[in-house]
Amino acid sequence: MMVGSTSQVSQQTVETFFHAVKNSGPKLIYAIILLIIGLYACKMVKKYSKNFILKYNVERGVANFISYGIYVTGIVMVVMTCLEIINFPVQSVMTVMVSLLGVIGLSLGLAFKEILSNLGSGMIILFFQPFKTGDYICGSGVEGTVSDIQIFSTVLKTPDNKAIIVPNFKLTSDNIINYTHQDKRRIDFSFDVSYDSDIKFVKNVLDKIFKEDKRILKDPKPIIGLSTLADSSMKIVARPWVKTDDYWSVYFDIMEKVKEKFDENNIEIPFPSRVIYYKNTEDDSKN
């Protein structure tokens, strides 16, 4: 019953719209011109409002959200104004929209479930800020630097300059590792040395390397110790702290420095050893 009445109202609205267009005369031309100018103006307002907001050091994702909201609101106002120019009863449109939403609300909810989830997740990211633009994160099976936070998705840039567009819902529904959230990070090194090596001497060599690098922080103090007694080697762990921005540069430099110092001090890094047994079938047959 309700579906029939809604269909009737919709049909009446369409007929009213064409009747208004037919009888609008020159007003139709004014409405079309206003629509074109209005849509362009909304686009420009979106652009300039975003730039204006960013001047006050507002998170880029928040600026995107606000500017997009202004853009959508502007479009609705332009369309409504154009309909009024051609004497189309705007109230009829609202009546139809309410009726349609009442009938197919459940269908819309199911169809747009993912879109609404991404919208809600986008708001969570923007206002609770588990990460922000410029952070290096790992989540939903991908990782990269956050280059943009949009209403429905987040754009990550990988170290090899690929863009990954991740739906916001996938990020908020999964664990997120934010590597740059803190201003300090610990580098975890692990070095295998032979059983002939002097543990204290190896530790002193590593400690000296860390002290000579000014990028390694004195507080917290680096941890150096014997971790594992493996089959063919001893595993020494070394854990210095650095500023987050220095993480990778320190990591690569220290790895190279350790190789040089180990060679200078004859500290052996053993190859994995394997014992292979051969069975002499010819001798066995003779016996």
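Residues numbered from 1 in each chain as written. Predicted model: local features only at pLDDT ≥ 70, side-chain atom pairs only at ≥ 80, totals over all residues. Heavy atoms only, no water.

Peer 1: Is there a simple way to think about the side chain of aspartate 135 in this case?
Peer 2: Position of aspartate 135 among the secondary structure elements: in the loop between helix 5 (113-128) and strand 1 (136-139). Judged by its relative accessible area of 5%, aspartate 135 falls in the buried class. Polar side-chain contacts of aspartate 135 include one of 3.3 Å to the side chain of threonine 180. If near-sequence neighbours (up to four positions away) are discounted, aspartate 135 is found in contact with Gly144, Thr145, Val146, Asn178 and Thr180. (Helix = DSSP H or I, 4+ residues; strand = E, 2+ residues; numbered from the N terminus. Buried < 20%, exposed > 50% of the residue type's maximum accessible area, 1.4 Å probe, protein only. Polar contact = N/O pair within 3.5 Å; in protein donor to acceptor, adjacent residues only side chain to side chain. Contact = heavy atoms within 4.5 Å.)

Peer 1: What should I look at first to understand helix 3 (residues 60-85) in this one?
Peer 2: The periodicity of an α-helix, 3.6 residues per turn, causes residues three or four places apart in sequence to face the same way. Taking 1.5 Å per residue as the helical rise, helix 3 with its 26 residues ought to reach 38 Å, and the 37 Å between its terminal C-alpha atoms agrees with that figure. Among all positions in helix 3, only Gly61, Val62, Ala63, Asn64, Ser67, Gly74, Val78, Cys82 and Leu83 are buried. In the segment just after helix 3, asparagine 87 is the residue with positive phi, at about 65°. (Expected span 1.5 Å × (residues − 1).)

Peer 1: Just checking my understanding: could you explain the pairing of strand 4 (residues 163-167) for this structure?
Peer 2: Moving residue by residue along a regular strand, the side chains alternate between the two faces of the sheet. Here strand 3 (residues 153-157) runs beside strand 4; their pairing, made up of five bridges, is antiparallel. Within strand 4, the residue paired with lysine 157 across the bridge is alanine 163. Hairpin connection of strand 3 to strand 4: five residues between the antiparallel strands, including asparagine 161 at a positive phi of 70°. (Pairing = 2+ DSSP bridges.)

Peer 1: Explanation requested: the sheet that holds strand 8 (residues 223-229) in the structure shown.
Peer 2: Each strand in a sheet pairs with its neighbour through backbone hydrogen bonds, running either in the same direction (parallel) or in the opposite one (antiparallel). The strand order across the open sheet built from three strands is 7-9-8, with neighbouring strands paired in antiparallel fashion. The open sheet is flanked by strand 7 (189-193) and strand 8, the only strands paired with a single partner. Across the sheet, the mean angle separating the axes of adjacent strands is 25° when strand polarity is ignored. Looking at chain direction, strand 7 and strand 9 (residues 234-239) are connected through five bridges and run antiparallel. Bridge pairing links serine 190 to valine 237 in strand 9. (Axes fitted to C-alpha atoms, helices over the stretch in contact; angles between N-to-C directions.)

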